[in-house]
Number of protein chains: 2
Amino acid sequence: MRELKGACIFGQSGGPTSVINASAYGVIDTALKNPNITAVYGAEHGIKGVLNDRLFDMGQENPEELALLKYTPSSALGSCRYKMADPDVDDTDYKRILEIFKKYGVRYFFYNGGNDSMDTCNKISKYMQKVGYECRVMGVPKTIDNDLYGTDHCPGFASAAKYIATSCMEVYHDARVYDTGMVCIIEIMGRHAGWLAGAAALATAYGAGPDLVYLPEVDFDMEQFLSDVERIYKEKGNCMVAVSEGIHYADGTFVSEAKTSATDGFGHAQLGGLASLLANVVKERTGAKVRGIELSLLQRCGAHLASETDIEESFMAGKAAVENAVNGITDKMVGFERGEEDGQYVCRTKLLDLSEVANTEKKVPLDWINETHNGVKQPFIDYVLPLIQGEPPLPKQDSLPRFAQLKKVLVK
Amino acid sequence: MRELKGACIFGQSGGPTSVINASAYGVIDTALKNPNITAVYGAEHGIKGVLNDRLFDMGQENPEELALLKYTPSSALGSCRYKMADPDVDDTDYKRILEIFKKYGVRYFFYNGGNDSMDTCNKISKYMQKVGYECRVMGVPKTIDNDLYGTDHCPGFASAAKYIATSCMEVYHDARVYDTGMVCIIEIMGRHAGWLAGAAALATAYGAGPDLVYLPEVDFDMEQFLSDVERIYKEKGNCMVAVSEGIHYADGTFVSEAKTSATDGFGHAQLGGLASLLANVVKERTGAKVRGIELSLLQRCGAHLASETDIEESFMAGKAAVENAVNGITDKMVGFERGEEDGQYVCRTKLLDLSEVANTEKKVPLDWINETHNGVKQPFIDYVLPLIQGEPPLPKQDSLPRFAQLKKVLVK
């Protein structure tokens, strides 16, 4: 291994999670302590902070506030959804990034995000190789959607899953309190992968969860859905349904699509309002009292219900990225491998080629979805359960969360 | 005091809360241990369970499961929204209740609920007095709305307030993660009283909460609202708003009213969908990215964020109802009185006439609302803060809630 001394830049990208800052802390804390890393810069709003020369000097932060990042939701440095051009078509951004890297003596670049962010990370890595600028580039995984390729699971998923399962258990009890019955529909994030919607079935496995769960891995059939709901409502007098925001008809159109046509920066349809749309359809058909509940941002920032396992693994992913880079590794994303020790779940890091990971989505295996396409099977539960374990020691002030307060000192 | 031996009936009524079962446990546990109470019956779905002769024998329950009621959200026995007729117009229901009371030797009746439930409780109490049937009737307060007359605060309010404040703090961080800005509107329960919407300001007091808070105690002005939002969005690049579901124009019509015309059993308008309505109006006016979030049922069943103070006080209210009744008191509701001991908040029970409490609403004092009608003042914060204190020892199984599982053995 060739020793490489220089500064590092760390950036956060894409939709935030409850624990993305735990990875930030893993990177920042490890980098600050490493003698080969001469300065630790945090990019404001991900790669945009590099392009705009807006870098925070993380060495100026109070170590106690930095440590609170483990329990602080959302992206403390700011995030972005910025699609990098193909460098062969337009290399403006890449030249600018190289300029900034040279200006600050940056030899390490750590980027924390999901599919699109790993694409950014991969493009930067390949460009630096092409122009012969020595810089070790490492991706740190993050996504509540749990859809990154090649890793057993993704940091952020488990805490959202725990939020969803716990909230479903609570709503289950609330939604059957009257003798008049109700159909309750819970809308859960996950555009193309049903990992989060499936997590609602944890609640059912523990006695208080949805009767029906619809994932985007299989086509949605409105008639079948209505007949499922009607049957259960007649049988039990109540019916609880969990749906992924990404459920779609056989022709690929999102069920929610009629509601909105806005798109995000990557051209994805902006989903939402599905729960009330389905609630209205059910009300019309059955006459039942209905309620649609969208878990919305709450499910991805609910740090108060974070999984301790998820927090520690997120930290570990950030730490591993720095340690591997210092040891000569580049052009990789940190991934997770699940193992067992004395019958107990353990998780180890592994390394994946950035080019393999970028833009590839991992979906729920079809044989983990039941034959009637309205629920998940036991292997899904067995997969998720170890990930949500553990209650973190949440810092509080007057019984309210005490989140990290960073100074964010801009590098001159 | 005349000693009175007999059975007791306990019922839960109205919208559930995170901690209504803590009051149930206070009544049931205290009654089961009292030698003057010969049997403890739980009414299925409140007063409907009495009318339908559906009573559970609480003595048959496993004491360990009963103890879990302290941490189990929603109404474990089932609730109802049932409006009792004026007994002078139609005494059918009252005759039936008397018949059931006589059948089971009932001499104690405890009813747990809000305004409407205290009306039920009061009517039953007065009827029993009129027909000369000796029965001690006690109301146990409950409402997240915190609008019961004569009591410093109501069991259930603080836990919902804590859920709202914590969720607002988390969403605050999530909703400002991008450099593109966003207007985020959080819809909070509370039809006529703004206690819960005001609780969102706790988040602001701790550095991460809404810029604007709108309560139903004052008239809502859409133009003023839009100009408030525009101003803050321009200043800060982001704007977070908390609104009560019950905000209304000067002529009394609910802002949400255009969205739905369904009504609940008491003739109240069924509210909901206000957040997305306002988000759309803001989007049209400002062009900003918007998101409407309805906290929906989550805020009233989020037992995982319950206030330990609220749980213990809810238990205390149930216990006090039984102890007072056994000591000869009747026709009262248990209320709370706030005091101070060594500079610390303390709460003591007091007794209020049922007829005083029934159907009277307590609203947020106007001088606790700011002059611009878009926020609350420090006395509001000082009022709420002591109530949300303390983290209860939540029973868990595999890191998911372990709620009470009652056998619910019907009395033959």
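Reading the values: rules and limits
- Residues numbered from 1 in each chain as written.
- Chains lettered and ligands numbered in written order.
- Predicted model: local features only at pLDDT ≥ 70, side-chain atom pairs only at ≥ 80, totals over all residues.
- Heavy atoms only, no water.
- Helix = DSSP H or I, 4+ residues; strand = E, 2+ residues; numbered from the N terminus.
- Rg over C-alpha atoms; globule rule 2.2 N^0.38 Å.
- Buried < 20%, exposed > 50% of the residue type's maximum accessible area, 1.4 Å probe, protein only.
- Contact = heavy atoms within 4.5 Å.
- Areas by Shrake-Rupley, 256 points an atom, 1.4 Å probe, with all protein chains shown as cover.
- Lys, Arg positive; Asp, Glu negative; His and termini not counted.
- Charge placed at Lys NZ, Arg CZ, Asp CG, Glu CD.
- Buried area = accessible area lost by both parts, 1.4 Å probe.
- Salt bridge = Lys/Arg side-chain N within 4 Å of Asp/Glu carboxyl O.
- Polar contact = N/O pair within 3.5 Å; in protein donor to acceptor, adjacent residues only side chain to side chain.
- Nonpolar A, V, L, I, M, F, W, Y, C, P; charged D, E, K, R; others polar.
- Pairing = 2+ DSSP bridges.
- Axes fitted to C-alpha atoms, helices over the stretch in contact; angles between N-to-C directions.
- Expected span 1.5 Å × (residues − 1).
- 1 Å grid on protein atoms, 1.4 Å probe; cavity = no way out; pocket = protein on both sides within 12 Å on 5 of 7 lines; lining within 4 Å.
- Points joined across faces, edges and corners; volume = space filled by probe spheres on them.
- Core = buried A, V, L, I, M, F, W, Y, C linked by side-chain atoms within 4.5 Å.
- Patch = residues over 30% accessible without salt bridge, like charges linked within 9 Å, V, L, I, M, F, W, Y side chains within 5 Å.
- Least-squares fit on C-alpha atoms with pLDDT ≥ 70 in both.

Undergrad: Got a sec to walk through the overall build of chain A? Specific residues and values, please.
TA: Within chain A one finds 13 helices and 13 strands. By the compact-globule yardstick of 22 Å for 412 residues, chain A fits well, its C-alpha radius of gyration being 22 Å. Principal axes of the C-alpha set define a box for chain A whose edges measure 70 × 50 × 40 Å. When the 412 residues of chain A are sorted by exposure, 64% land in the buried category. Here the analysis covers contacts within chain A between residues at least 6 apart in sequence; of these, 77% occur between residues at least 24 apart. For chain A, the accessible area works out to roughly 14500 Å², and carbon and sulfur atoms hold 46% of it. Charged side chains of chain A number 43 positive and 56 negative; the gap between the two group centres comes to 5 Å.

Undergrad: Which residues make up the interface of chain A and chain B, and what values do they have?
TA: Listed as interface residues are 56 residues of chain A and, on the opposing side, 57 residues of chain B. Interface of chain A and chain B: buried area, both sides summed, is about 4900 Å²; carbon and sulfur atoms make up 59% of it. With its nearest N and O atoms 3.1 Å apart, the salt bridge here joins Lys 48 of chain B to Asp 179 of chain A. Our count for the chain A to chain B interface comes out at 32 residue pairs in polar contact (both at pLDDT 80 or more). Secondary structure elements with two or more residues in the side of chain A that touches chain B: helix H6 (157–174), strand E9 (290–294), helix H10 (298–301), strand E12 (396–397) and strand E13 (400–401) of chain A. Top contributing element to the side of chain A that touches chain B by residue count: H6 of chain A, with 10 residues. Grouping the constituent residues of the side of chain A that touches chain B by class yields 25 nonpolar, 18 polar and 13 charged.

Undergrad: Tell me what's going on with the pairing of strand E10 (residues 332–341) of chain B, and back it up with residues and numbers.
TA: All names here are of chain B. By the bridge criterion, two bridges tie strand E5 (residues 136–141) to E10 in an arrangement that is parallel. Within the sheet, the bridge partner assigned to Met 138 lies in E10 and is Lys 332. Note that E10 and strand E11 (residues 344–353) share 10 bridges and pair antiparallel. If you follow Gly 335 over to E11, its bridge partner there is Lys 350. Two successive antiparallel strands, E10 and E11, enclose a turn made up of two residues, where Asp 342 displays a positive phi of approximately 50 degrees.

Undergrad: I'd like a description of the sheet that holds strand E9 (residues 290–294) of chain B, backed by residues and values.
TA: Residue and element names in this part refer to chain B. With parallel pairing, four strands are arranged side by side in an open sheet as E7-E8-E6-E9. Each edge of the open sheet carries a strand with a single partner, namely strand E7 (212–214) and E9. Neighbouring strand axes in the sheet, compared pairwise and without regard to direction, differ in orientation by 15 degrees on average.

Undergrad: Help me get a handle on the side chain of Ser 167 of chain A, residues and values and all.
TA: Position of Ser 167 of chain A among the secondary structure elements: in helix H6. In this structure Ser 167 of chain A comes out as buried when scored by relative accessible area, which is 2%.

Undergrad: Which residues make up helix H11 (residues 308–326) of chain B, and what values do they have?
TA: Between its terminal C-alpha atoms H11 of chain B stretches 27 Å, which fits the 27 Å expected from 19 residues at 1.5 Å a residue. The distance from a side-chain oxygen at the start of H11 of chain B to the backbone nitrogen of Thr 309 of chain B is 3.2 Å, and the residue carrying that oxygen is Ser 307 of chain B.

Undergrad: How would you explain the environment of Val 282 of chain A if you had to name every residue and give the values?
TA: Residue and element names in this part refer to chain A. The residue Val 282 is located in helix H9 (residues 274–286) in this model. Distance in space between the C-alpha atoms of Val 282 and Glu 230 is 8.5 Å, their sequence separation being 52 residues. Residues contacting Val 282, with those up to four places away along its chain left out, are Val 183, Ile 185, Phe 225, Leu 226, Val 229, Gly 287 and Val 290.

Undergrad: Which residues make up empty space enclosed by the protein, and what values do they have?
TA: Any space left empty among the atoms is revealed by the rolling of a water-sized probe across them. This structure, assessed with the given rule, holds three cavities of 30 Å³ or more. There is about 80 Å³ of room inside the largest cavity. Lining the largest cavity are Tyr 71, Ala 303, His 304, Leu 394, Pro 395, Lys 396, Pro 401, Arg 402 and Phe 403 of chain A together with Thr 166 and Glu 170 of chain B. Within the lining of the largest cavity, the residues separate by chemical class into six nonpolar, two polar and three charged. Put simply, the second largest cavity is a space of about 60 Å³. Lining the second largest cavity are Glu 170 of chain A together with Tyr 71, Ala 303, His 304, Leu 394, Pro 395, Lys 396, Pro 401, Arg 402 and Phe 403 of chain B.

Undergrad: Before we move on, can you summarise the pattern of salt bridges with the specific residues and values?
TA: Residue and element names in this part refer to chain A. Summed over all chains, the structure comprises 50 salt bridges over all chains. Note that Glu 44 is salt-bridged to Arg 54, the shortest N-O span being 2.7 Å. Within this pair, whereas Glu 44 is found in the loop between strand E2 (37–43) and helix H2 (47–51), its partner Arg 54 is found in the loop between H2 and strand E3 (55–57), the two being separated by 10 residues in sequence. The class of Glu 44 is buried, set by a relative accessible area of 17%. By relative accessible area, Arg 54 is classed as partly exposed at 34%.

Undergrad: Explain unusual backbone geometry to me, using residue names and the numbers behind them.
TA: Residues and elements named next belong to chain B. Residues other than glycine seldom take positive phi values, yet Asp 53 does so here, at roughly 55 degrees. Within the secondary structure, Asp 53 is located in the loop between helix H2 (47–51) and strand E3 (55–57). We note that Lys 408 has phi near 50 degrees; this positive angle belongs to a residue other than glycine.

Undergrad: I'd love a proper account of the nonpolar core, names of residues and values included.
TA: In this structure, Val 171 and Ile 188 of chain A together with Val 171 and Ile 188 of chain B are the most contacted members of the largest nonpolar core, which totals 106 residues. Residue contacts for Ile 188 of chain B: discarding those within four places in its chain leaves Ile 164, Leu 196, Ala 197, Ala 200, Ala 242, Val 243, Ser 244, Glu 245, Leu 295 and Gln 299 of chain B.

Undergrad: Which residues make up the sheet that holds strand E7 (residues 212–214) of chain A, and what values go with them?
TA: Strand pairing in a sheet relies on backbone hydrogen bonds. The paired strands run either parallel or antiparallel. Residues and elements named next belong to chain A. Taken together, the four strands give an open sheet; going across it, the order is E7-E8-E6-E9, and neighbouring strands pair in parallel fashion. A single partner strand is all that each edge strand has here, and the edge strands are E7 and E9. Strand-to-strand twist across the sheet, computed as the mean angle between neighbouring axes with direction ignored, equals 15 degrees. As judged from the six bridges shared by strand E6 (residues 183–188) and strand E8 (residues 239–244), these two strands associate in the parallel manner. Among the inter-strand pairings, Val 183 is bridged to a residue of E8, identified as Cys 239. Of the strands in this sheet, E6, E8 and E9 touch H9, which is tilted by about 170 degrees from E9.

Undergrad: Describe a negative patch on the surface, with residues and values.
TA: All names here are of chain A. A contiguous patch of negative charge, built from Asp 219, Asp 221, Asp 251 and Glu 257, is present on the exposed surface. For Asp 221, the position within the fold is in the loop between E7 and helix H8 (222–236). The class of Asp 221 is partly exposed, set by a relative accessible area of 43%.

Undergrad: Kindly report on the relation of the copies chain A and chain B, identifying the contributing residues and their values.
TA: Superposing chain A onto chain B takes a rotation of 180 degrees combined with a translation of 0.0 Å along the rotation axis, leaving an RMSD of 0.0 Å. Interpreted geometrically, this transformation is the action of a two-fold axis. For chain A, the minimum C-alpha distance to the rotation axis belongs to Glu 294 of chain A and amounts to 3.8 Å.

Undergrad: How would you sum up the environment of Val 411 of chain B? Please name residues and give values.
TA: Residues and elements named next belong to chain B. Mapping Val 411 onto the fold places it in the segment after strand E13 (400–401). C-alpha of Val 411 to C-alpha of Ala 200: the two residues are 211 residues apart in sequence and 44 Å apart in space. Beyond its immediate stretch of four places on either side in the chain, Val 411 contacts Tyr 41, Leu 55, Phe 56, Asp 57 and Tyr 104.

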